[in-house]
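Below, each chain spelled out in residue letters.
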Amino acid sequence: MPQRKIIHIDMDAFFAAVEQRDHPQYRGQPVVVGGAPNSRGVVATASYEARAFGIHSAMPTAHAKRLCPDAIFIRPRFREYQQVSTQIHSIFNDYSDKVESLSLDEAYLDVSDCPMFEHSATRIAIDIRQSIITATGLSASAGISYNKFLAKLASDINKPNGQYVILPEHGEEFVAKLPIGGFHGIGKATEIKMHDLGVRTGADLKRLTLAELTEKFGKQGRYYYHLARGVDHREVQSERIRKSLGAETTFATDLRDRDRMLTELEKLADGVFASLRQKDLSAQTVAIKIKYSDFQTITRSLQLSRPINDTQHLGPWLHQLLKRTDVEMRAVRLLGVSASRLQPINTNSPRQVELDL
Ligand code: TTP
Ligand code: MG
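Residues numbered from 1 in each chain as written. Chains lettered and ligands numbered in written order. Predicted model: local features only at pLDDT ≥ 70, side-chain atom pairs only at ≥ 80, totals over all residues. Heavy atoms only, no water.

## Concerning the overall build of the protein chain
- Summing up its helical and strand segments, the protein chain has 13 helices and 12 strands in all.
- What you see for the protein chain is a C-alpha radius of gyration of 22 Å, in line with the 21 Å of a compact globule of 357 residues.
- A buried classification covers 44% of the 357 residues belonging to the protein chain.
- For the protein chain, contacts bridging at least 24 residues in sequence account for 64% of all contacts bridging at least 6.
- Here the protein chain displays about 18,300 Å² of accessible surface, and carbon together with sulfur accounts for 50% of that area.
- Across the protein chain, the mean location of the 47 positive side-chain charges is 3 Å away from that of the 42 negative side-chain charges. (Helix = DSSP H or I, 4+ residues; strand = E, 2+ residues; numbered from the N terminus. Rg over C-alpha atoms; globule rule 2.2 N^0.38 Å. Buried < 20%, exposed > 50% of the residue type's maximum accessible area, 1.4 Å probe, protein only. Contact = heavy atoms within 4.5 Å. Areas by Shrake-Rupley, 256 points an atom, 1.4 Å probe, with all protein chains shown as cover. Lys, Arg positive; Asp, Glu negative; His and termini not counted. Charge placed at Lys NZ, Arg CZ, Asp CG, Glu CD.)

Written out as structure tokens, the structure reads:
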């Protein structure tokens, strides 16, 4: 396989940057976007000025308030962020057909076949970032490499408003120095398991054989084996259709009443299916997510016999899903609903179908 050229683009302090753009009085100030400081909300993101105080994503807003009482605390405006996201994704499509969006503000582009700038991925990345600034007034950072894993790591290195290239000859040594917790896709549980095996860095990981890794980590083991050698074969998956759509709510006080939970799940499902219909999509898998009061998070899903696009008969199935959880015994902090296995609505087929587990 010929060498690929992958660019990972990620907007800088995305939600906070949009707020600073739209409110000039916030520029140069510590800005925290997220839940209200006096409730149980968390920080979605913080401007770089606020990060200097130690504030970061997912921290309770109340804690952020203690670190920097004078920061500007604001609630997110998702419609604006969605608008910018649409703008930047349309820019990406000008450079490549192979674009995979990871979230509102980040995407992989495979620019191997992009003829611009004599095929220089470095110059293509500079041009993409400049196009984003021109179109949105916001800055992005880029990572450039020969696979997705390294491109993503590289985009963080010169943040904000910068870019970094990891050349093929440097990939392996780059991974060797990396702490295992910094590997994208290695969660807390795997990190602990790795530590138990004496693996703290990429170099440690490379000492384990393929057999040892697959024994400990199953199929993922092979992926880790390759990563340790700077190799990641995953393709940039251009998807015209999103893989899933979901919504969730964190409650101000924990829920204990199952009927109330069901009502909340139905509300969430109504919202999710309304946006699916807007996009002319239907879904064949429905899942609920529950975060218990101790923060343990679980999901339960059901496969439908055929795709659906409304929630008319979903109530009993949500009830069934809820039964497969511990909500009788445990209080619930967050509920979510998601729809996946999305597909375009087939207007020739009957709209309503019976559901199967
Ligand atoms: P990130 O790209 O992780 O963060 P960022 O763009 O704010 O900052 P930077 O990339 O410069 O480090 O996430 C993009 C947006 O997603 C972020 O602006 C807010 C939202 N977000 C959350 O709501 N909760 C989270 O825990 C994280 C990490 C992000
Ligand atoms: Mg970002």
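So much for the structure itself; the text now carries on.
## A word on the nonpolar core
- Ranked by internal contacts, the top residues of the largest apolar core, which has 33 residues, are Ile7, Ile9, Phe14, Phe92, Leu109, Ile128 and Ile132.
- When contributions to this core are tallied by element, the ones reaching two or more residues are β1 (6-11), α1 (14-22), β2 (31-34), α4 (78-95), β6 (106-110), α5 (121-136) and β7 (140-145).
- The leading source of residues in this core is α4, at 6 residues.
- Setting aside residues no more than four positions away along its own chain, isoleucine 132 makes contact with Ile9, Met11, Ile88, Ile91, Phe92, Gly137, Leu138 and Ala140.
- Counting residues in each nonpolar core, the second largest holds 32 residues, with Leu302, Leu314, Leu318 and Leu335 among its members. (Core = buried A, V, L, I, M, F, W, Y, C linked by side-chain atoms within 4.5 Å.)

## A few points about the coordination of the magnesium ion (ligand 2)
- At the metal site, the magnesium ion (ligand 2) is ligated by Asp10 (OD), Met11 (O) and Asp105 (OD), and these contacts range over 1.9 to 2.3 Å.
- Classification of the site at the magnesium ion (ligand 2) as octahedral follows from its 6 donor atoms and the range of 79 to 177° in their angles at the metal.
- Considered as a linear motif, the donors of the magnesium ion (ligand 2) on their single chain read D-M-x93-D. One end of the pair, methionine 11, is in strand β1; the other, aspartate 105, is in the loop between β5 (99-103) and β6, and 94 residues separate them in sequence. The pair formed by methionine 11 and aspartate 105 is uniform in burial state, with each residue classed as buried. (Donors = N, O, S within 2.8 Å, 3.2 Å for Na, K, Ca; no water. Tetrahedral: all angles 85-135°; square planar, octahedral: opposite > 155°, others 65-115°.)

## Structural notes on the packing of helix α12 (residues 258-278) against helix α13 (residues 315-323)
- Where α12 contacts α13, the two axes come as close as 10 Å, and the packing angle between them is 125°. If you check the angle between α12 and α13, you find them oblique. Between α12 and α13 lies a crossing of right-handed hand. Here α12 contributes Arg258, Met261, Leu262, Leu265, Glu266 and Ala269 to the contact with α13, which in turn contributes Gly315, Leu318, His319, Leu322 and Lys323.
- Tallied by class, the residues present in the contact of α12 with α13 amount to 6 nonpolar, 2 polar and 3 charged. (Axes fitted to C-alpha atoms, helices over the stretch in contact; angles between N-to-C directions. Parallel < 35°, antiparallel > 145°, perpendicular 65-115°, else oblique. Left-handed = near helix turned anticlockwise from the far one by under 90°. Nonpolar A, V, L, I, M, F, W, Y, C, P; charged D, E, K, R; others polar.)

## What about the packing of aromatic side chains?
- Evaluated as defined, the whole model comprises 8 aromatic pairs.
- Ring geometry for phenylalanine 14 and tyrosine 81: centres 6.1 Å apart, planes at 55°, overall tilted. On the criterion of sequence distance, the pair formed by phenylalanine 14 in helix α1 and tyrosine 81 in helix α4 is long-range, its members being 67 residues apart. This pair shows no difference in class: phenylalanine 14 is buried, exactly as tyrosine 81 is.
- Judged by centre distance (4.1 Å) and plane angle (10°), the rings of phenylalanine 15 and tyrosine 81 are stacked. Residue phenylalanine 15 is found in helix α1, and its partner tyrosine 81 is found in helix α4; the two are separated by 66 residues along the sequence. Note on accessibility: phenylalanine 15 and tyrosine 81 belong to one class, buried.
- Among the aromatic residues, ring-to-ring pairing joins Phe14, Phe15, Phe78 and Tyr81 into one connected group. (Phe/Tyr/Trp six-rings, centres within 6.5 Å; stacked < 30°, edge-to-face > 60°.)

## Quick notes on the layout of surface pockets
- In this structure, the second largest pocket occupies an estimated 650 Å³ of space.
- Secondary structure elements with two or more residues in the lining of the second largest pocket: β3 (43-46), β9 (244-255) and β12 (332-344).
- At 5 residues, β9 tops the list of elements feeding residues into the lining of the second largest pocket.
- For the lining of the second largest pocket, the class distribution of residues is 12 nonpolar, 6 polar and 5 charged. (1 Å grid on protein atoms, 1.4 Å probe; cavity = no way out; pocket = protein on both sides within 12 Å on 5 of 7 lines; lining within 4 Å. Points joined across faces, edges and corners; volume = space filled by probe spheres on them.)

## A short note on the site of ligand 1
- Every one of the 13 residues lining ligand 1 counts as a neighbour, but Asp10, Ala13, Thr45, Tyr48 and Arg51 are closest to it.
- A distance of 2.9 Å is found between an oxygen atom of ligand 1 and a side-chain nitrogen or oxygen belonging to aspartate 10.
- A distance of 3.0 Å is found between an oxygen atom of ligand 1 and a backbone nitrogen or oxygen belonging to methionine 11.
- In isolation ligand 1 offers 560 Å² of accessible surface; the protein chains occlude 67% of this area.
- For the shell around ligand 1, the secondary-structure elements that each account for two or more residues are β1, α1, β3 and α2 (48-51). (Near = heavy atom within 4 Å. Polar contact = N/O pair within 3.5 Å; in protein donor to acceptor, adjacent residues only side chain to side chain.)

## Some details on the side chain of glutamine 284
- Secondary-structure assignment places glutamine 284 in strand β10 (residues 281-292).
- Among all residues touching glutamine 284, those that are not within four sequence positions of it are Leu302, Gln303, Leu304, Ser305, Arg306, Pro307, Ser340, Arg341 and Gln343.

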